[in-house]
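Residue-level listing of the chains:
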Amino acid sequence: MHTPPPRRLEAMTALLSPAALQGAGPLARLMRQGGLHCVFQPLADLREGSVYAHEALIRGPQGSPLHTPDQLLACAARERILLDFELVCVFTALEQWGRQQAAGRLFVNISADALVHGVALVGAQRLGEVVRGFGLSARMVVLEITEHERVTDMPQLRQAIKAVHGCGARLALDDFGDGRSSLRLWSEVKPDFVKVDKYFIRDISDHPENLQMLQAIKGIADVFGTTLIAEGIETRDDLRALRDLDIPYGQGWLLGRPATAPRAAVDGPALDVLHDRRVAVLPHLGQTARPGILRSLLVVQAPTASPATSNDAVAAMFHEHTDLHALAVVDGTRPVALINRQQFMNHYATLYFREVHGRKSCLAFANHAPRVVELDCDVDQLVGILTSQDQRYLNDGYIVTDNGRYLGLGTGDQLVRAVTETRIEAARHANPLTFLPGNIPISLHMQRLLESGTEFVACYADLNNFKPFNDHYGYWRGDQMIRLVARLATAHCDARRDFVGHVGGDDFMLIFQSSNWLQRCKNIVDEFAREALTLFDEPARQAGGIRAEDRHGVQRFFPCTTLAIGAVRITPGRFRHAEEVANLAALAKREAKQTASGVVLHGGLTESSLGALAATRALQDVLAA
Ligand code: C2E
Ligand code: MG
Ligand code: MG
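Rules used throughout
Residues numbered from 1 in each chain as written. Chains lettered and ligands numbered in written order. Predicted model: local features only at pLDDT ≥ 70, side-chain atom pairs only at ≥ 80, totals over all residues. Heavy atoms only, no water. Phe/Tyr/Trp six-rings, centres within 6.5 Å; stacked < 30°, edge-to-face > 60°. Buried < 20%, exposed > 50% of the residue type's maximum accessible area, 1.4 Å probe, protein only. Lys NZ or Arg CZ within 6 Å of the ring centre and 35° of its normal. Salt bridge = Lys/Arg side-chain N within 4 Å of Asp/Glu carboxyl O. Helix = DSSP H or I, 4+ residues; strand = E, 2+ residues; numbered from the N terminus. Donors = N, O, S within 2.8 Å, 3.2 Å for Na, K, Ca; no water. Pairing = 2+ DSSP bridges. Axes fitted to C-alpha atoms, helices over the stretch in contact; angles between N-to-C directions.

Next up on the list: the packing of aromatic side chains. Following the criterion strictly, the structure yields 17 aromatic pairs and no others. On the basis of an interplanar angle of 85° and a centroid distance of 5.2 Å, the ring pair of Y199 and F200 is categorised as edge-to-face. Given a relative accessible area of 58%, Y199 falls into the exposed group. Within the aromatic cluster, the residues linked to one another by ring pairs are F318, F344, Y348, F353 and F365. Here the basic side chain of R257 rests over the ring of W253, its NZ or CZ set 4.3 Å away from the ring centre. Residue placement shows K589 over the ring face of Y460; its charged tip is 4.8 Å from the ring centre.

Let's shift gears to the pattern of salt bridges. Within this structure, the stated rule accounts for 22 salt bridges. For K589, the salt bridge identified is with D462, shortest N-O distance 3.7 Å. Of this pair, K589 sits in helix α25 (residues 578–594) while D462 sits in strand β15 (residues 456–464); the two residues are 127 residues apart in sequence, bridging distant segments of the chain. This pair shows no difference in class: K589 is buried, exactly as D462 is. Residue D550 pairs with R556 through a salt bridge whose shortest N-O separation is 3.6 Å.

Turning our eyes to something else, we now look at the coordination of the magnesium ion (ligand 2). By definition of the ideal shapes, four donors in a tetrahedron about a metal sit 109.5 degrees apart, and six donors in an octahedron sit 90 or 180 degrees apart. Each protein donor to the magnesium ion (ligand 2) is listed here as E55 (OE), N109 (OD1), E144 (OE) and D174 (OD); together their distances run 2.0 to 2.3 Å. A relative accessible area of 0% means that E144 is categorised as buried.

Strand order in the open sheet made by the three strands is β12-β13-β14, with mixed pairing throughout. Edge positions in the sheet fall to β12 (372–374) and β14 (405–410), since each has one partner strand and no second. Pairwise comparison of adjacent strand axes, ignoring direction, gives a mean angle of 35° for this sheet. In this sheet, β14 lies alongside strand β13 (residues 398–402) in antiparallel orientation, the contact comprising five bridges. Each residue of the ladder has a partner; that of D402, found in β14, is R405.

Honestly, it's all geometry; don't read function into it.
Below is the structure:
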């Protein structure tokens, strides 16, 4: 059933080894019969929504044990014809692409070793000519280097790469992040493209770690001037996240499966996403990151004593280093004790101390159980020190180690400051009460929306009569009420489109791209009014409120707590900075708190006129369609 090899492939036969030309193995025979073919998968331009190029993927006969690349590559290794096989793959791809007279760029897979081998066989000068022989221009060919760990000879690879660039073809690094030496290869090869492995792309919309990895990879790409291609895009959410990260090119089943013929457009569902200007809500690290690695732990480089150091020598060191609050006793690299300056000098000044103890080991007057803090310790461990019974750290300070090795000293007030700063920083990323994103992610999200030129609605939500409730029932129930707002806001927002942030206290930001944002807000307000009642006691529910002191200390009646939402519609080009949006939303919130209705759109519209506005918009949408 196999078709004889096309004529242009015959020239290639001259390049094959005797093992491939005469071998009796199934793959060698298949190759001689021309039984291999390629399928082509599109690579999309994620900014334009168009097909940018195709990747050629090798296939053996359908339904045979030599159908997939994995099977073929394994068989080639067994038959010891790997380099021959890879060259045949390249020629098959070029031949088929040329024969179809397909337009556009072609990405072709090849390992580094096969590239070196192929360039040597064909001759650096003749590469362009050989590609042209298949009816294509070398400028349209991109060689994807696969299996990075197989790079055995870097100087030779550099020569081969020079030859490839010399003929006008370009290079890509395949499956970046998969092999061990990829980063080194990236810096050595300086490829035009890097294809980021599916591992980092899959479920990126749900995995903040992968998102951060990709952002880091993007940073490297900027340094090297490399163009990124995301591989393995399977879902709309992942495509949305990649589009918003401004990854220029992508490949995956959502955009188009491999097929025998090239395609003119990417698949419909992917196109919808690419043409949709709304911005994806990216996962934030607040919930999943470790609660706070110490950022600002100051380490004082200080001289050390050893167990053999005498008390006289310690006194001399304190004299010499007048700013030293303590001295660590280190055995090899391991800290074993800490000598507090003040305590030690008090002893040292006593009568006959020098005569009796001066030449003895300093260990006798040292604290043998000093506080030791690892450099990358969790902030919670430090909080443990601050709240422990043993408060000696305030005077003695602590020893800082790196993987158990002595590094330096820290003081008590540095410890307090480090913990406080780390806590505050963490709270800016995620509110510790609701675990919702805090001010930094809120601003970042708004900034991204502004930069993307998309229309959105920023809402500031705040509780009415929360303070009297909190004073009356205590902070525990106050916290419950704040968590209720968080729960309802999250439940009524579309997690893919809308963003819920917790500014602090009873203040929340809701940033909507959902067109039915008004209905969602009303649902939140209504449901809150119902559910908040359960946090009051029966007499308060009967009375519709509580008696409590106002800000001036005067007893008066406060109705049960309700939610006010002030909204601002942000049209493209109106603002440049997130701060301007936040200020306007805060203004709208004040307006909302002054009216009886729960939701107010800045610009004087209240809930009823908003309802009419939404209805008109819906009608316009229907008419336009
Ligand atoms: P690769 O170069 O990374 O090619 C992409 C692989 O991912 C292809 O598998 C493709 O079908 C698959 N893929 C594409 N989109 C998606 C997606 O959305 N989800 C998932 N799960 N997979 C997707 P294929 O064709 O089985 O190729 C596997 C590997 O075999 C290739 O990985 C490449 O390393 C190698 N290979 C394929 N053709 C050739 C060739 O002609 N020469 C050489 N040397 N290696 C080849
Ligand atoms: Mg590839
Ligand atoms: Mg790949």
